[in-house]
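What the coordinates show
The primary structure of each chain is shown beneath.
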Amino acid sequence: MKLKLLLSVKATLICTVLFSVAGFNAAAQEVIGLQKAVDLALERNLTIKQAEFTAAITNEDLKQSKYNQLPNLAVSPQGSFNFGRNIDPSTNQFSNQRILAVNGNFTSQVTLFQGGQLRNTVIQNKILLDADKTNVAKVKNDLILNVVTTYLLVLTNQDLVTAAQQQIDVSKIALDRAQKGFDVGNQTLADLSQAKAQLSTNDLNYTNAENQLEQSLLTLKQYMEMDPGTDIKVERPDISKLNNVKTVYDAQEVVKTALAVNPDVLLAEQRQKAAAQGIKIARGNYYPSVVLFGAAGSYFSDAKNTPFGATPTGKFDTVGFVQNSQQAVVVPNYKVGFKSNPFFRQLSDNFNQSVGVSLQIPIFNRFLSRTAVRKAKLQNQNAEVTAQLARNNLSKIIYQAVWDLQAADKRYQSATQTYNANKDAFNIIQQRYTVGLVNSLDFNTSQTNLNKSQFDMIEAQYQVIFRSKVIDYYLGNPITL
């Protein structure tokens, strides 16, 4: 009795743990819809962040190019002790005493004219900023298209896994019947072996479908910058809405619309405009530059003394002689006191200012200006070719996308008809196989045809949806399911 009670308690605990683990796994699984997948990718994707950083750096370049048109201001204070024989800065006389000298200057200058380079650089940086913003939009659009494509691939693989599982179920039923028929002598060993082989083939198809599903889920997680170990479940859209897909487009009209909104073309055109602006900047080197400058400063020296308090010494100094009598001319001798001129008094007395205009005329600079202009023109021509290539590639891609959509729709219609026909044929053969009117080879062949046609139909259905979304992408429409 105790043993039974103990086993019952253990069984209860084990069941509790199993249900807890199952509940935890169910709670840990994250359901991802298409819009959530797109939002997470746009929020976390590192490529977008890099593009945004590049745009932010270009924005700082634009600000700096505007600031370069403003005058600058600099102050340069300096203090020094001078020993031995040196020049007193206050008198420009040689002196053998220690001198403490302090001086400082304020300087400022502003460029009045530089061949239009400052203004053209501002314009070029504005264009480059627009180009970098367009590049951010391009990266986002490409990412959205990749997420939608991968999302559809996950849905496709999920359907393929389901279809493969259904075929395994059918193969198990067929194997069971073959085993019973073989046991009673109604079927041969070859029939039983073919049924086993069919089940093995379907098991392999299921394994391959599961591997493709896991790979597509991993790719989707990578786009969302999500931990590969995260357990996610992709939310399925309403199939009825997916069936109403527009499949007829005028390629020329699509190209016309796409040229105005496609970020690849806009990016190439904006960079071409920036290159054209670079020619004007390079030509500015041919022109003279005019700079307005000004300066103000003062200085102090403790060697600069001011006389005060002249006191007679009672002595006389001879300053000359009378021409005829040679009588000496004398003047009283005075002792003069000196005191150091105060610091701020010297700064006030020695304050000086200057203002002027500097003109620099280029005459010969080893052809640097000419080379810069030629390189700028070549860069502009290269940018024009790049922009035209972008337009040509877009036109080619769109025409191909329209044709691919039409071909995918035809393939889907054909695959659906094939699947329905194989399904009807399989149902009839299955009924005849049950009563022994069809051998196992014909039954397995019919089942294989049904499997293949079902897989083809599933893939064709999602190909139609994907091709249609590609057209929406180039038209600039939101990509949704």
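Located above this text is the structure these notes cover.
Residues numbered from 1 in each chain as written. Predicted model: local features only at pLDDT ≥ 70, side-chain atom pairs only at ≥ 80, totals over all residues. Heavy atoms only, no water.

Our focus in this paragraph is the pattern of salt bridges. Summed over all chains, the structure comprises 9 salt bridges. For the salt bridge of glutamate 60 with lysine 63, the shortest nitrogen-to-oxygen distance reads 3.7 Å. Highlighted residues: glutamate 60 and lysine 63, both in helix 3 (residues 46-67), separated by 3 residues, approximately one helical turn. Given the relative accessible area of 45%, glutamate 60 is considered partly exposed. (Salt bridge = Lys/Arg side-chain N within 4 Å of Asp/Glu carboxyl O. Helix = DSSP H or I, 4+ residues; strand = E, 2+ residues; numbered from the N terminus. Buried < 20%, exposed > 50% of the residue type's maximum accessible area, 1.4 Å probe, protein only.)

As a further point, take the packing of aromatic side chains. Using the criterion set out here, one finds 6 aromatic pairs in the structure. With centroids separated by 5.1 Å and ring planes inclined at 90°, the aromatic side chains of phenylalanine 343 and phenylalanine 344 adopt a geometry described as edge-to-face. An angle of 70° between the planes, with centres 5.0 Å apart, marks the rings of tyrosine 473 and tyrosine 474 as edge-to-face. The same class applies to tyrosine 473 and to tyrosine 474, which are both buried. Here the aromatic cluster, defined as three or more aromatic residues joined through ring pairs, consists of Phe300, Phe343 and Phe344. (Phe/Tyr/Trp six-rings, centres within 6.5 Å; stacked < 30°, edge-to-face > 60°.)

This next bit is on the environment of leucine 42. Checked against the element boundaries, leucine 42 lands in helix 2 (residues 34-44). It is 10.0 Å that separates the C-alpha atoms of leucine 42 and valine 147, two residues lying 105 residues apart in sequence. Beyond its immediate chain neighbours, meaning those up to four positions away, leucine 42 contacts Ile48, Lys140, Leu143 and Ile144. (Contact = heavy atoms within 4.5 Å.)

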